[in-house]
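Descriptive analysis of the structure
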Amino acid sequence: MLEKLSEFVKKKRKALGITQAELADRAGVGLRFLRELENGKPALRLDKVNLVLDMFGCEMGPVRKDNNS
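Residues numbered from 1 in each chain as written. Predicted model: local features only at pLDDT ≥ 70, side-chain atom pairs only at ≥ 80, totals over all residues. Heavy atoms only, no water.

Counted under the stated rule, the structure contains 4 salt bridges. One salt bridge connects arginine 32 with glutamate 36, and the closest N-O pair in it is separated by 3.3 Å. A residue pair is termed a helical-turn pair when its members lie 3 or 4 positions apart in one helix, as arginine 32 and glutamate 36 do in helix α3 (residues 31-38) at 4 residues. What makes arginine 32 exposed here is its relative accessible area of 65%. The partly exposed category is assigned to glutamate 36, whose relative accessible area is 21%. Among the salt bridges present, the one from lysine 41 reaches glutamate 36, with a minimum N-O distance of 3.6 Å. Salt bridges sharing common partners tie together Arg32, Glu36 and Lys41. (Salt bridge = Lys/Arg side-chain N within 4 Å of Asp/Glu carboxyl O. Helix = DSSP H or I, 4+ residues; strand = E, 2+ residues; numbered from the N terminus. Buried < 20%, exposed > 50% of the residue type's maximum accessible area, 1.4 Å probe, protein only.)

So this is what it looks like as C-alpha cells:
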C-alpha cells in the first residue's frame, strides 16, 4: 500500500527530531501550510509541497497510472 503524503512528511519530520515550525521555516513555507499538509488537506499548492519534500530529497510529479487497476 502506498504511504499517504501527510504520513510521509510527518514521519520524516519526526525522524529528524524537528517541530512543524522548524520544518516550515527550513522549507520556506508557512506553519499553517505545513499543518494542513500533515493533516491531509486534499488541495495544496504543488510548488509548496515540493519545497517541503525537497527537505527529504524528494519531489512530487506525474506518475503513470497502472492500467491493470
